[in-house]
Amino acid sequence: MTKPKVRPDARWAKGTIFLKQAVSGLSAAFATQRLQLAAKAAVAAGVAFLIAPLMPGVAAQYPYYAPLGALVAMYHNVAGSIQQGLQALAGLAMGIGLAFVLVNVTDPSPVAVALIMGIGVLLGGLPGIGKGSDWIPTAALLVLLIGGSNPDDFSFGYLVQMGAGVAVGIGVNFLIFPPLHFNAAAASLDDLRIALGKQLTDMGKALLEEWPPKHEDWSRRSDELSAAARSVRHLVKEADASRRANPRRKLHPRDVDLDYRNLRELERVTFHIQDITDVLSDVIYESDVPYGVPLQDNAPLADALKSAGDLLRSFSEDDPATQEEKLRAARSAVEACLAATAGRQPDQGMVPASESVLLSLHRILRAVRSAS
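None of the values given here were measured: they were computed from a predicted structure.

The rules behind the values
- Residues numbered from 1 in each chain as written.
- Predicted model: local features only at pLDDT ≥ 70, side-chain atom pairs only at ≥ 80, totals over all residues.
- Heavy atoms only, no water.
- Core = buried A, V, L, I, M, F, W, Y, C linked by side-chain atoms within 4.5 Å.
- Buried < 20%, exposed > 50% of the residue type's maximum accessible area, 1.4 Å probe, protein only.
- Helix = DSSP H or I, 4+ residues; strand = E, 2+ residues; numbered from the N terminus.
- Contact = heavy atoms within 4.5 Å.
- Polar contact = N/O pair within 3.5 Å; in protein donor to acceptor, adjacent residues only side chain to side chain.
- Axes fitted to C-alpha atoms, helices over the stretch in contact; angles between N-to-C directions.
- Parallel < 35°, antiparallel > 145°, perpendicular 65-115°, else oblique.
- Left-handed = near helix turned anticlockwise from the far one by under 90°.
- Nonpolar A, V, L, I, M, F, W, Y, C, P; charged D, E, K, R; others polar.
- UniProt positions renumbered as here; feature names shortened; annotations may be inferred.

Colleague: Please set out the nonpolar core residue by residue, giving values where relevant.
Modeller: Judged by nonpolar contacts, the single largest core of 51 residues is most densely connected at Leu200, Ile273, Ile276, Leu280, Leu305 and Leu361. For this core, the secondary-structure elements that each account for two or more residues are helix 8 (182–208), helix 9 (222–242), helix 10 (256–285), helix 11 (298–314), helix 12 (320–341) and helix 13 (354–371). Here the element with the most residues in this core is helix 10; it accounts for 12 residues. In this structure, Leu305 is in contact with Leu200, Thr201, Met203, Gly204, Leu207, Ile276, Leu280, Val357 and Leu361, ignoring residues within four places of it in sequence. Among the nonpolar cores identified, the runner-up in size contains 19 residues, and Leu92, Ile96, Leu102 and Val143 belong to it.

Colleague: With reference to specific residues and values, describe the environment of Arg193.
Modeller: Along the chain, Arg193 falls in helix 8. In this structure, the C-alpha to C-alpha distance between Arg193 and Leu266, residues 73 residues apart in sequence, is 7.4 Å. Discounting chain neighbours no more than four positions away, the residues touching Arg193 are Asn262, Leu266, Leu312, Arg313 and Phe315. A polar contact is formed between the side chain of Arg193 and the side chain of Asp190, at a distance of 3.0 Å.

Colleague: Can you break down unusual backbone geometry residue by residue, with the values?
Modeller: Glycine aside, negative phi is the norm for most residues, and most peptide bonds take the trans geometry. In this model, Phe177 sits at a positive phi of 45°, which is unusual for a non-glycine residue. Tracing the backbone through its elements, the reader meets Phe177 in the loop between helix 7 (151–175) and helix 8. Located in the positive-phi region is Ala245, a residue other than glycine, with phi close to 60°. Here Ala245 shows up in the loop between helix 9 and helix 10. Residue classification places Ala245 among the partly exposed positions, given a relative accessible area of 41%.

Colleague: How would you sum up the packing of helix 11 against helix 12? Please name residues and give values.
Modeller: Running from N to C, helix 11 and helix 12 point in directions that differ by 160°, and their axes come no closer than 8 Å. The angle between helix 11 and helix 12 falls in the class roughly antiparallel. As for the relative orientation of helix 11 and helix 12, their crossing is left-handed in sense. For the pair helix 11 and helix 12, the contacting residues are Pro300, Leu301, Asp303, Ala304, Ser307, Ala308, Asp310, Leu311 and Ser314 in the first and Thr322, Gln323, Lys326, Leu327, Ala329, Ala330, Ala333, Val334, Cys337 and Ala340 in the second. Considered class by class, the residues forming the contact of helix 11 with helix 12 number 12 nonpolar, four polar and three charged.

Colleague: Requested: an account of the UniProt feature "transmembrane region" (unreviewed entry) in the protein, with residues and values cited.
Modeller: When the UniProt feature table is mapped onto this chain, "transmembrane region" (unreviewed entry) is found at residues 37–56, 86–105, 111–128 and 156–177. Annotated as 90% helix and 0% strand, the span residues 86–105 places its first and last C-alpha atoms 29 Å apart. This span, residues 156–177, is 91% helix and 0% strand, and a straight line between its end C-alpha atoms measures 33 Å.

Shown next as structure tokens:
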């Protein structure tokens, strides 16, 4: 078999991935969930500013911090709103306390500002402070520079108004259509299965084409598959977080534990498909590797790859009978390929890569079976 010396251009692949990520990012910025979050943030900020003048004592003089508190607490799930809001308030309290210590020791000066910033950033590294870490030096600096000669009133007003805003933000996120991200997680799992199935099918087709194959896309998808698997894990974790403290979870039950199990199995499948991709890409596009696919293995190996690809795509149809049929077909194709390659003496100086591909296919079928 004739092999070209150069693998398909990796720079082209990276450029394609970057373009897809950019388009995906723009789409996400204007997605329905993002628009809902923006609308709730606007409502929370307006309500917070409406009630800000009703705060006790001198706190009413600092109404502009209430909308800021509402914005700080606004997150794309209820549990995140509570955590982010409380962490911000904890950071504010620590920053105000730090500022009071320095106010009693020295007047505002470049040295004092530098000192308060350094200590604030250092305290921000404490475990559990999370999003509140940025608020420690911010609050300390505002008390030191804006509080002026009356830091007590400013600190009280600042903390009370931020607390009121955080409470409003959490309340709005809890009461107004608290989001559940189940659909995005389910769709991403299906999309990953389909992408993995397509990869197997395309590699099966490549084995039957005259080498080098005319279609090279499959050889550049390894990084893309990794990115897709990471994205699915992120979405499943978001779905899990979105059900916590969410009053709508009982109306929309979902077995997120099953999603995690399916995710782990798909991550294993992704790993094995990447391994097959690397092996076949080396065999076809590199001339100095010590292994290859014997010509007589191409047809049975292609059939095994296509059958495994059909199996993965069948899981998006939600038809157990079809899935079981595809599983039997994939197992038969792999066993037929094993029988065709068993006992064959390899060419001198050449290790047959067919065995590596078949081992990965066997592990893929085992992972798919345990996940179903």
